[in-house]
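# Fold and geometry: a report
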Amino acid sequence: MIVEVAVLQVRHGQAKSFEADFKLASQYIRSIPGYHSHSLLKCMEQENKYILVAHWQKLEDHTVGFRQSPQYEQWRELLHHYYDPFPVVEHYQEIILT
């Protein structure tokens, strides 16, 4: 299992619109083979800061399967204009499960 993590800085004043569009965009990521789940966490101290956590079967399910898909284009169109700066996406491998 691979965990994708991205810290998302949303432009000030656009948090509510971002959250609504994120709900819509979630249908696109869910449709990709190898996708397991994702969640959006909102920072309690900074109203425009979020963390996206997504679980994938393998790295390529995200980096190739999703990012090279038509669904990613829809995701990008709905969400990428909210970010400032553009997020860094990192991938982690689970090594200890409890």
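Overview of the structure.

Cut-off values and rules
- Residues numbered from 1 in each chain as written.
- Predicted model: local features only at pLDDT ≥ 70, side-chain atom pairs only at ≥ 80, totals over all residues.
- Heavy atoms only, no water.
- Core = buried A, V, L, I, M, F, W, Y, C linked by side-chain atoms within 4.5 Å.
- Buried < 20%, exposed > 50% of the residue type's maximum accessible area, 1.4 Å probe, protein only.
- Helix = DSSP H or I, 4+ residues; strand = E, 2+ residues; numbered from the N terminus.
- Contact = heavy atoms within 4.5 Å.
- Pairing = 2+ DSSP bridges.
- Phe/Tyr/Trp six-rings, centres within 6.5 Å; stacked < 30°, edge-to-face > 60°.

### Digging into the nonpolar core
Core analysis: the biggest nonpolar cluster contains 22 residues, and Leu8, Phe18, Trp56, Phe66, Trp75 and Leu79 have the highest contact counts within it. Of all the secondary-structure elements, those providing two or more residues to this core are β1 (2–9), α1 (15–30), β3 (49–56) and α3 (70–79). The leading source of residues in this core is α1, at 6 residues. Those residues within four positions of Trp75 in sequence are excluded, and the remaining contacts are Phe22, Ala25, Ser26, Tyr28, Ile29, Leu52, Phe66 and His80.

### Quick notes on the pairing of β1
Taken together, the 8 bridges between β1 and β3 define a ladder with antiparallel strand orientation. By the bridge assignment, Val3 is partnered in β3 with His55. Where β1 and strand β4 (residues 89–93) come together, 5 bridges link them in antiparallel fashion. From the neighbouring strand, Val5 faces β4, where its bridge partner is Glu90.

### Some details on the packing of aromatic side chains
One pass over the full model with this rule turns up 10 aromatic pairs. Measuring from ring centre to ring centre gives 5.9 Å for Phe18 and Phe22, while their planes differ by 55°; the resulting arrangement is tilted. Of the two residues, Phe18 and Phe22 both sit in helix α1, 4 residues apart, roughly one turn of that helix. Residue class for Phe22 comes out buried when judged on its relative accessible area of 6%. Taking 6.0 Å as the distance between ring centres and 75° as the angle between the ring planes, the aromatic pair formed by Tyr83 and Phe86 counts as edge-to-face. Judged by its relative accessible area of 7%, Tyr83 is buried. Looking at Phe86, the relative accessible area reads 49%, which means it is partly exposed. Aromatic rings pair up to connect Phe18, Phe22, Tyr35, Tyr50, Trp56, Phe66, Tyr72, Trp75, Tyr82, Tyr83 and Phe86 into one cluster.

Function cannot be inferred from these measures alone, as they are strictly geometric.
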